[in-house]
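Analysis of the macromolecular model
Single-letter residue listing:
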Amino acid sequence: MESDEELMAAVARGDERALGALVDRHAVRLHAHLVRVCGSRDDADDLLQETWLRVARAARTYRAGRPVRPWLYGIASNLANDHWRRRAVRSRAAATMLAEPAPRALGAAEGLALRERVSRLPERLREVVWLRYYAGLDEAEMAEALGIPRGTVKSRLHAAIRGLQEST
Amino acid sequence: MSARKDRDVSCEAMQSALESGELAAAPQLREHVATCADCAAHERLLAVLAGGAAEPSAPPALALVAHTRMRASRVLRAHAAAPTRGLLAEGALALAVLTLALPLALAHAWLVAEGAVALLGGWLPPLVLEGLGVVYFGSLALAVGALYALLPLWVATLRRARMEAA
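In this report, we go over the structure that sits alongside the text. Here the structure is a predicted model, which is why all the values come from computation and not from measurement. (Residues numbered from 1 in each chain as written. Chains lettered and ligands numbered in written order. Predicted model: local features only at pLDDT ≥ 70, side-chain atom pairs only at ≥ 80, totals over all residues. Heavy atoms only, no water.)

1. A few points about the overall build of chain B
Rules: Under the DSSP-based scheme used, a helix requires at least four consecutive residues in state H or I and a strand at least two consecutive residues in state E, with every element numbered from the N terminus. Remark: exposure states derive from per-residue accessible area (1.4 Å probe, protein chains only) relative to the maximum for the residue type, with buried under 20%, exposed over 50%, and partly exposed in between. Here a residue-residue contact requires only that any non-hydrogen atoms of the pair lie within 4.5 Å. For every accessible area listed, the method is Shrake-Rupley and the probe measures 1.4 Å; residues are considered covered only by the protein chains on display.
Along the backbone of chain B there are 5 helices and 0 strands. Sequence-ordered secondary structure for chain B, helices as α and strands as β, is α-α-α-α-α. Counting only residues that meet the buried cut, chain B has 23% of its 166 residues in that class. Counting contacts in chain B only where the partners sit at least 6 residues apart, residues at least 24 apart contribute 61% of the total. For chain B, the exposed surface amounts to about 11,000 Å²; the carbon and sulfur share of it is 73%.

The structure is reproduced here in structure tokens:
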């Protein structure tokens, strides 16, 4: 089986089959991640499509050998941040989120309340929580996804967890 | 005071270890967490975060995945075709600017030099005039060289802006 990086290199050369294979391979996990981040399946559906459109647009700029998964989740996180910004403008983010039907991904009340607190974190802290705990990326992958050193990932994650504890 | 500070430092290290997940099962860490309310709360928070992420989520509809695949392929096709044309056009434009600019710059330099000789020839000794000429042509060559070196950058910036806008 071809690796993600091999497939992406083929996509960069314009191979649509390789792009289809990547979409099929990552769609389920990426969608689950976006459902957790957005708290809404409809929004996750939109962002899933938008993520892959961005991948297709940026394919020619893909640097051979660059790990695909962090890159992909980095794009998805940027889109999710834009989504939250728009949402915050429209209404109070937390109120909107609580008014929505309980998402399947975080059924427990505690999980839901925690996700609400995550959504209130500053953007740069929020995205490290998303990538670490919702997408399951390790520190090296997060550093790659966000384009920051590992030490910064560590300190942001620590600050985010502190922020979550203090907002209890 | 010192004991409190030591404990804070220790908690900080323990919580970092919990976050990295590297030492979650270490006996020393377990012992500390068992006796420290702060770290226990920290661990609980991490567990809730991780637990939420581990919960299964209904997969996306097959039609959505198929639609995504189709749209992404269409975008890939469009972007694969466009850049070559764009690059050729931008390359030709840069070449045209280069071709036009060089004779203009040389003609301008020649006029300035001739004018300077005509105006200052009677007033300044030839050695000073030559010195001024060297300074003038040297700075002109540097400026033109810098402008030419900026052209590829300019083309690249244009292309990048267009791709990002797309």
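After that view of the structure, there is still more to cover.
2. Some points on the overall build of chain A
When you go through chain A residue by residue, the secondary structure sums to 9 helices and 0 strands. The helix and strand sequence of chain A, counted from the amino end, reads α-α-α-α-α-α-α-α-α. In chain A, which comprises 168 residues, the share counted as buried stands at 54%. Within chain A, contacts between residues at least 6 apart in sequence are counted, and of these 58% link residues at least 24 apart. Accessible surface computed for chain A: about 7,300 Å², of which carbon and sulfur atoms make up 50%.

3. Structural notes on the pattern of salt bridges
To keep it simple, the criterion reads: The working definition used for a salt bridge is a side-chain nitrogen of Lys or Arg within 4 Å of a carboxyl oxygen of Asp or Glu.
Applying the stated criterion across every chain, the model contains 14 salt bridges over all chains. Salt-bridge contacts for Glu-12 of chain B lead to Arg-162 of chain A; the nearest nitrogen and oxygen are separated by 3.8 Å. Taken together, the positions of Glu-12 of chain B in helix H1 (residues 2-20) and Arg-162 of chain A in helix H9 (residues 150-166) put the pair across two chains. In this structure Arg-162 of chain A comes out as partly exposed when scored by relative accessible area, which is 27%.

4. Some details on the packing of aromatic side chains
Where we set the bar: Whether two aromatic rings pair depends on their centres lying within 6.5 Å, for rings of Phe, Tyr and Trp, where Trp uses its six-membered ring; planes under 30 degrees apart make the pair stacked, over 60 edge-to-face, and the rest tilted. A ring has a charge above it when a Lys NZ or an Arg CZ is no more than 6 Å from the ring centre and no more than 35 degrees off the ring normal.
All chains considered together, the criterion is met by 2 aromatic pairs over all chains. Geometrically, the ring pair formed by Tyr-62 of chain A and Trp-71 of chain A is tilted, given 5.6 Å between the ring centres and 45 degrees between the ring planes. Accessibility assignment for this pair places Tyr-62 of chain A and Trp-71 of chain A in one class, buried. Aromatic pair Tyr-136 of chain B and Phe-137 of chain B: ring centres 5.3 Å apart, planes at 65 degrees, arrangement edge-to-face. Judged by relative accessible area, which is 23%, Tyr-136 of chain B ranks as partly exposed. Note on Phe-137 of chain B: relative accessible area 40%, which makes it partly exposed. Over the face of the ring belonging to Tyr-133 of chain A we find Arg-132 of chain A, whose NZ or CZ atom lies 5.4 Å from the ring centre.

5. Side note on the interface of chain A and chain B
We count it as follows: Two parts placed together each lose some accessible area under a 1.4 Å probe, and the buried area is that loss summed for both.
If you look at the interface, chain A gives 45 residues, while chain B gives 38 residues. Here chain A meets chain B over a buried area of about 3,700 Å², counting both sides, of which 61% is carbon and sulfur. Of all residues in chain A, Gln-49, Arg-57 and Tyr-133 of chain A bury the most surface against chain B, accounting for 16% of the area lost on that side. Run the count over chain A and chain B and you get 3 salt bridges.

6. Here's the deal with the packing of helix H7 (residues 123-134) of chain A against H9 of chain A
All names here are of chain A. Heads up, the rule is: Axis definition: a line fitted to C-alpha atoms, limited for helices to the stretch in contact. Angles are taken between N-to-C directions and run from 0 to 180 degrees. Angles are sorted into four bins: roughly parallel if under 35 degrees, roughly antiparallel if over 145, roughly perpendicular if 65 to 115, and oblique for all others.
Across the interface, H7 lies against H9 with an axial gap of 9 Å and an inter-helix angle of 100 degrees. Taken together, the axes of H7 and H9 lie roughly perpendicular to each other. Across the interface between the two elements, Arg-124, Leu-125, Glu-127, Val-128, Val-129, Arg-132 and Tyr-133 from H7 touch Arg-156, Leu-157, Ala-159, Ala-160 and Ile-161 from H9.

7. Quick notes on the nonpolar core
The tendency in soluble globular proteins is for nonpolar side chains to be buried side by side. We count it as follows: Nonpolar cores were defined as sets of buried Ala, Val, Leu, Ile, Met, Phe, Trp, Tyr and Cys residues, with membership established by side-chain atoms within 4.5 Å.
Ranked by internal contacts, the top residues of the largest apolar core, which has 70 residues, are Met-8 and Trp-52 of chain A together with Leu-49 of chain B. The biggest single contributor to this core is helix H2 (residues 16-38) of chain A, with 10 residues. With residues near it in sequence (within four places) discarded, Met-8 of chain A still touches Leu-22, Val-55, Ala-59, Tyr-62, Val-68 and Trp-71 of chain A.

8. Notes on the packing of H7 of chain A against helix H8 (residues 139-146) of chain A
Residue and element names in this part refer to chain A. Stated formally: In this scheme the handedness of a crossing depends on how the near helix is turned from the far one: anticlockwise by less than a right angle means left-handed, clockwise means right-handed. Amino acids are sorted into nonpolar (Ala, Val, Leu, Ile, Met, Phe, Trp, Tyr, Cys and Pro), charged (Asp, Glu, Lys and Arg) and polar (every other residue, Gly among them).
Remark: H7 packs on H8, axes separated minimally by 10 Å, with the N-to-C direction vectors making an angle of 135 degrees. As far as their axial angle goes, H8 and H7 are oblique. Taken as a pair, H7 and H8 cross one another with a handedness that is right-handed. Taking contact as the criterion, the partners of Glu-127, Val-128, Leu-131 and Arg-132 in H7 are, on H8, Met-142, Ala-145 and Leu-146. For the contact of H7 with H8, the class distribution of residues is 5 nonpolar, no polar and 2 charged.

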